[in-house]
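Chains, contacts and geometry: an overview
Residue-level listing of the chains:
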Amino acid sequence: MTTTRRALITGITGQDGSYLAEFLIAKGYEVHGIIRRSSSFNTGRIEGIYQDPHVQHNRLRLHYGDLCDSSSLTEVLRRCRPHEVYNLGAQSHVRVSFDMPIYTADTVAQGAMRMLDACRELQQESGMQIRFYQASSSEQYGKVLETPQKESTPFYPRSPYACAKVFAHYATVNYRESYGMHASCGILFNHESPRRGETFVTRKITRAVGRIKLGLQDKLFLGNLDAMRDWGYAGDYVKAMWMMLQQDKPDDYVIATGQTHSVRHFCELAFAHAGMDYKDFVSFDPRYLRPSEVDLLLGDYAKAKAKLGWAPTVTLDELAKMMVDHDMELASREKTLRDAGHKFPARTGQHEHPQLRV
């Protein structure tokens, strides 16, 4: 009799968590997710799973818990007894991490340590092996010491978020080496989608394209337009996470596209898809700059290609078009409601959110 695989995802309501949940359910998994208790639901990205008539509703189960609370993690692990744990939960906004460094360190660094230790304890108690995935980040390379960046490239973090991710990365390596845990790190370069949060720069751009096109917004204000990033599609990257945990031996892998582009170029692609010139609408605002910048990120995914058989499938041009098409539809719905008399907060240039991640 074949046992249904069970997976536990922290950060299941985020971009990556929602794509990963869909991917695993399609693979036949029973998926459990940890969500934080709040006065309102934040499950919009995973509502499609519940609405899909082809998905058995018991394939996805949510549990209250928090990466800042060890006891809740232990309780959820004992309740669902997962074969695989994907630690994607975090305060993941680089710019915000400068404003909330202590909280960022607690959720990102200590949160990973709490989850690792809870997995270690359950393994010792039950004898079952838990395969653990840690979401590492290209931000760990920061002020890069070589280009392109690969698994052996030294880290040089340039934000509280990146410092916390370096801690979490090495904690995962340490638990793997000290306790024999099947624990792997995916050093993921920037990955985007229509589900990206609206304060992250790519989504901020594509949301503005739709709203400007339909007359709902006048300008878009951004920080460092010359920052270079290696951008891929989130749907591709969650597959790589799963592939890492199917290997006989745990290891660390860079997941990237091997191409780098500027924020300016992404603006050009996004606005051009809607028949506009970004130069007419995008303005620089120093309030969006980070205290310390990361100027260039470019990943080498040769190891993932050779050992996992993984490669990206979506180009930056395709990604920009996908996101603009989605956000044009959102803007169209917003305009329809506005024309019908519904009130919306003013958003002339998104100055109300001076944080951005590039």
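Note: the structure precedes this text.
Described below are features of the structure shown in this document. Here the structure is a predicted model, which is why all the values come from computation and not from measurement.

Scanning the chain from N- to C-terminus turns up eleven helices and 13 strands. For the C-alpha atoms alone, the extent of the chain along its principal axes is close to 60 × 50 × 40 Å. Buried positions account for 55% of the 358 residues belonging to the chain. Taking the intrachain contacts of the chain between residues at least 6 apart in sequence as the baseline, contacts between residues at least 24 apart amount to 81%.

A word on unusual backbone geometry. Residue Pro148 follows Thr147 across a cis peptide bond; omega there is 0°. On the secondary structure map, Pro148 appears in the loop between strand 5 (131-137) and helix 6 (160-179).

Reading across the sheet, the seven strands line up as 3-2-1-4-5-6-11 and stay open at both edges, with parallel pairing between neighbours. Of all the strands in the sheet, just strand 3 (60-64) and strand 11 (252-255) have a single pairing partner and so form its edges. Averaged over neighbouring strand pairs, the angle between their axes works out to 20° when direction is ignored. Judged from the five bridges that link them, strand 1 (residues 6-10) and strand 2 (residues 30-35) form a sheet pairing that is parallel. Its bridge partner lying in strand 2, Arg6 is registered against Glu30. In this fold helix 6 packs onto strand 5, strand 6 (182-188) and strand 11, with an angle of close to 150° to the strand it touches most, strand 5.

Here the focus is the pairing of strand 6. Here strand 6 lies mainly inside the structure; seven of its seven residues are buried. Two elements, strand 5 and strand 6, share seven bridges in a ladder whose sense is parallel. By the bridge assignment for strand 6, Gln134 is matched with Cys185. Handedness of the strand 5-helix 6-strand 6 crossover: right-handed. Note that strand 6 and strand 11 share four bridges and pair parallel. Paired with Leu188 across the two strands is Ile255, which belongs to strand 11.

Approximately 1200 Å³ is the volume attributed to the largest pocket. Forming the boundary of the largest pocket are 48 residues, of which Gly11, Gly14, Leu88, Ala90 and Ser92 lie nearest the centre. Breaking the lining of the largest pocket down by element, the ones donating at least two residues are helix 1 (15-26), strand 2, helix 5 (101-126), strand 5 and helix 6. When its residues are assigned to classes, the lining of the largest pocket shows 17 nonpolar, 23 polar and eight charged.

The next point concerns the nonpolar core. Of all hydrophobic cores here, the largest spans 62 residues; its most connected members are Leu24, Tyr86 and Ile205. No other element matches helix 8 (residues 234-245), which puts nine residues into this core. Tyr86 has contacts with Ala7, Leu8, Ile9, Thr10, Leu20, Leu24, Tyr133, Met241, Trp242, Leu245 and Gln246, leaving out every residue within four places of it along the chain. Listed in part, the 19 residues of the second largest apolar core include Ile34, Leu73, Val85 and Leu116.

Below, the discussion takes up helix 1. An α-helical segment advances 3.6 residues per turn. Residues three or four places apart therefore align on the same side. With twelve residues, helix 1 should reach 16 Å at 1.5 Å per residue; the first-to-last C-alpha distance of 17 Å fits that figure. All of the buried residues in helix 1 are Gln15, Asp16, Gly17, Ser18, Tyr19, Leu20, Ala21, Phe23, Leu24 and Ile25. Looking one or two residues beyond helix 1, the residue adopting positive phi is Gly28, at roughly 95°.

Conventions adopted
Residues numbered from 1 in each chain as written. Predicted model: local features only at pLDDT ≥ 70, side-chain atom pairs only at ≥ 80, totals over all residues. Heavy atoms only, no water. Helix = DSSP H or I, 4+ residues; strand = E, 2+ residues; numbered from the N terminus. Buried < 20%, exposed > 50% of the residue type's maximum accessible area, 1.4 Å probe, protein only. Contact = heavy atoms within 4.5 Å. Pairing = 2+ DSSP bridges. Axes fitted to C-alpha atoms, helices over the stretch in contact; angles between N-to-C directions. Right-handed = clockwise from strand over helix to strand, strands pointing away. 1 Å grid on protein atoms, 1.4 Å probe; cavity = no way out; pocket = protein on both sides within 12 Å on 5 of 7 lines; lining within 4 Å. Points joined across faces, edges and corners; volume = space filled by probe spheres on them. Nonpolar A, V, L, I, M, F, W, Y, C, P; charged D, E, K, R; others polar. Core = buried A, V, L, I, M, F, W, Y, C linked by side-chain atoms within 4.5 Å. Expected span 1.5 Å × (residues − 1).

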